[in-house]
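Inside the fold
Residue strings, one per chain:
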Amino acid sequence: MTTTASAGNRHDGKSTADLVNQAAAQISTLVRDELALAKSELTEKGKRAGIGGGLFGAAAVLALYGLGLLLTLAVVLLDLAWPLWLAVLVVMVVIFAAAGVAALIGRIKLRESSPPLPENAIESVEADVRTVRTAAREGRHT
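**Some details on the overall build of the protein chain**
Helix and strand content of the protein chain: four helices and zero strands. A total of 142 residues make up the protein chain; the buried ones form 6% of that total. Looking at the protein chain alone, contacts between residues at least 24 apart form 62% of all its contacts between residues at least 6 apart.

What follows is the structure, encoded as structure tokens:
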């Protein structure tokens, strides 16, 4: 009889309802913490992406001006050997061909990209789910 009494006192005299309420509160806290982790991780990634995107945009604008000057130089050089209209036509065809290739490669890369995910938070939630499942299985066996 002392073994059943000691088994009943295993939870410091807490009733099943108290234990269920405590578990529910802990799960609620765990879910809030995981959501906060995911939010902070995505916020940090968003800030980095924003700064990188801004700098990349500035570089693209400067490169565009440089490209315009380079194309002007190409037309001027070709104009030395050909009529001006032919020089402009050749440079234009080359530019449109390069744009087409870039568009095709860009489309392929966009299809390959994966959505940004809070990887650390996902791993943490998966670990929490495994822990809860393990604890539930062990609880059924005792």
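Once the structure has been displayed, the description carries forward.
**Observations concerning the packing of helix 2 (residues 16-81) against helix 3 (residues 84-112)**
Contact pair helix 2 / helix 3: the axes reach a minimum separation of 8 Å and the direction vectors enclose 140 degrees. For the element pair helix 2 / helix 3, the angle class is oblique. Along this stretch, helix 2 crosses helix 3, giving a crossing that reads as right-handed. Every residue of helix 3 that contacts helix 2 at Leu71, Ala74, Val75, Leu78 and Asp79 is listed here: Leu84, Ala87, Val88, Val90, Val91 and Ile95. Taken together, the residues of the contact of helix 2 with helix 3 sort by class into ten nonpolar, no polar and one charged.

**Focus on helix 2**
The periodicity of an α-helix, 3.6 residues per turn, causes residues three or four places apart in sequence to face the same way. A rise of 1.5 Å per residue sets the reference length of helix 2, with its 66 residues, at 98 Å; its end C-alpha atoms lie 94 Å apart and thus fit the reference within 8%. Of the residues making up helix 2, those classed as buried are Glu34, Ala38, Glu41 and Val75.

**Notes on the confidence of the model for the protein chain**
The predicted model of the protein chain averages 86 in pLDDT, with 88% of residues at 70 or higher. The lowest-confidence element of the protein chain is helix 1 (residues 2-8), averaging 47 in pLDDT; the highest-confidence one is helix 3, averaging 94. Taken together, the stretch residues 1-9 has pLDDT below 50 and engages in zero contacts with residues farther than four places along the chain or on a different chain.

**Considering the side chain of aspartate 128**
Residue placement: aspartate 128 occurs in helix 4 (residues 119-141). Buried charge aspartate 128 goes without a salt bridge, the closest partner of opposite sign being arginine 130 at 8.2 Å. Excluding residues that lie within four positions of it along the chain, aspartate 128 makes contacts with Leu30 and Glu34.

**Observations regarding the pattern of salt bridges**
In this structure the tally under the stated criterion is two salt bridges. Put simply, glutamate 41 and lysine 45 hold a salt bridge, and the shortest N to O gap is 3.7 Å. Here the residue glutamate 41 and the residue lysine 45 both occupy positions in helix 2, the gap between them amounting to four residues, near one helical turn. Owing to a relative accessible area of 33%, lysine 45 belongs among the partly exposed residues under this scheme. For arginine 48, the salt bridge goes to glutamate 44, with nearest N and O atoms at 3.4 Å. You can see arginine 48 and its partner glutamate 44 sitting in helix 2, four residues apart, about one turn around the helix.

Rules used in this analysis
Residues numbered from 1 in each chain as written. Predicted model: local features only at pLDDT ≥ 70, side-chain atom pairs only at ≥ 80, totals over all residues. Heavy atoms only, no water. Helix = DSSP H or I, 4+ residues; strand = E, 2+ residues; numbered from the N terminus. Buried < 20%, exposed > 50% of the residue type's maximum accessible area, 1.4 Å probe, protein only. Contact = heavy atoms within 4.5 Å. Axes fitted to C-alpha atoms, helices over the stretch in contact; angles between N-to-C directions. Parallel < 35°, antiparallel > 145°, perpendicular 65-115°, else oblique. Left-handed = near helix turned anticlockwise from the far one by under 90°. Nonpolar A, V, L, I, M, F, W, Y, C, P; charged D, E, K, R; others polar. Expected span 1.5 Å × (residues − 1). pLDDT = per-residue confidence, 0-100. Lys, Arg positive; Asp, Glu negative; His and termini not counted. Salt bridge = Lys/Arg side-chain N within 4 Å of Asp/Glu carboxyl O.

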